[in-house]
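Residues per chain are reported as follows:
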Amino acid sequence: MACVKEVIQEIGFGGDKMRIALAQTPCKLGDKEENIARMRKMIERSEADLYIFPELYLTGYMVRDEVFRLAERLDGESVQAVADMSEEHNAHILFGMPAWDDEIPGVLRNSAVMVSPDARVQRYDKINLASFGPFEEGFYFGAGTSGTLMAVSYTHLTLPTT
């Protein structure tokens, strides 16, 4: 049986509070539709301003060569499905996915994507790819080039450069 852990944390920003749900929940390898359905279940069972799902949650981490078939652009149907959830629940959703680079054809990135209720889509591409032991990120992904500052409601989040 898989472990599902959800942590709700309230963080204050100068009098304003933000509820953040950390959703450490298993995904089904290679099944984007099922993983979006699991995201929906998690979002529907708790109330938060920001939901955070794991790295490569959309496809699963160890899909190996299937990553090229499963990858999408940020205007793809999976991101749109998550954007619809974001609007429906008036919440930001951050999740990991393999995403095609918008500027360099054929380059795939290990991306953290955040969709917002106002239909904004923001992205961070992982810089330091793990390529040791069982990790083969360097074989499949091109490294990102800089950190990202993402706007969330009345504040910003910085995603680390690791």
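Residues numbered from 1 in each chain as written. Predicted model: local features only at pLDDT ≥ 70, side-chain atom pairs only at ≥ 80, totals over all residues. Heavy atoms only, no water.

Tell me about empty space enclosed by the protein, residues and numbers included.
All told, the structure shown has one cavity of 30 Å³ or more when counted by the stated rule. The computed volume of the largest cavity comes to approximately 130 Å³. Lining of the largest cavity is provided by Leu56, Tyr61, Met62, Val63, Arg64, Val67, Pro134, Glu136, Glu137, Tyr140 and Phe141. Of the residues belonging to the lining of the largest cavity, the class tally is eight nonpolar, no polar and three charged. (1 Å grid on protein atoms, 1.4 Å probe; cavity = no way out; pocket = protein on both sides within 12 Å on 5 of 7 lines; lining within 4 Å. Points joined across faces, edges and corners; volume = space filled by probe spheres on them. Nonpolar A, V, L, I, M, F, W, Y, C, P; charged D, E, K, R; others polar.)

If you had to explain the layout of surface pockets to someone new, which residues and values would you point to?
In this structure, the second largest pocket occupies an estimated 160 Å³ of space. For the lining of the second largest pocket, the class distribution of residues is one nonpolar, four polar and six charged.

Summarise the environment of leucine 50; cite the residues concerned and give the values.
Here leucine 50 shows up in strand 3 (residues 50-52). Judged by relative accessible area, which is 0%, leucine 50 ranks as buried. Sequence separation of leucine 50 and serine 116 is 66 residues, and the distance between their C-alpha atoms is 9.0 Å. (Helix = DSSP H or I, 4+ residues; strand = E, 2+ residues; numbered from the N terminus. Buried < 20%, exposed > 50% of the residue type's maximum accessible area, 1.4 Å probe, protein only.)

An account of helix 3 (residues 77-89) is needed here, citing residue identities and associated values.
In this model, helix 3 (13 residues) spans 18 Å end to end at C-alpha, consistent with the 18 Å of a helix rising 1.5 Å per residue. Among all positions in helix 3, only Ser78, Val79, Val82, Ala83, Met85 and Ser86 are buried. Across the axial projection of helix 3, the buried residues extend over an arc of 155°, all falling on one side. Facing away from the buried side of helix 3, by more than 90 degrees, are the exposed residues Glu77, Glu87 and Glu88. At its buried positions, helix 3 is contacted by helix 1 (32-44), strand 4 (92-100), strand 5 (108-115) and strand 6 (121-125). (Expected span 1.5 Å × (residues − 1). Arc of directions from axis to C-beta. Contact = heavy atoms within 4.5 Å.)

Any chance you could break down the side chain of histidine 92 for me, citing the residues and the numbers?
With respect to the helices and strands, histidine 92 occurs in strand 4. We classify histidine 92 as buried; its relative accessible area is 5%. Sequence-distant contacts of histidine 92, that is, excluding residues within four places in its chain, are made with Asp49, Leu50, Tyr51, Ser86, Met114, Val115, Ser116, Pro117, Arg120, Val152 and Ser153.

Let's hear about the packing of helix 1 against helix 3: which residues, and what values?
Here helix 1 crosses helix 3 at 10°, and the two axes come no closer than 11 Å. Between helix 1 and helix 3, the angle is such that the two are roughly parallel. Contacts between helix 1 and helix 3 pair Lys32, Ile36, Met39, Arg40, Ile43 and Glu44 from the former with Ser78, Ala81, Val82, Met85, Glu88 and His89 from the latter. (Axes fitted to C-alpha atoms, helices over the stretch in contact; angles between N-to-C directions. Parallel < 35°, antiparallel > 145°, perpendicular 65-115°, else oblique.)

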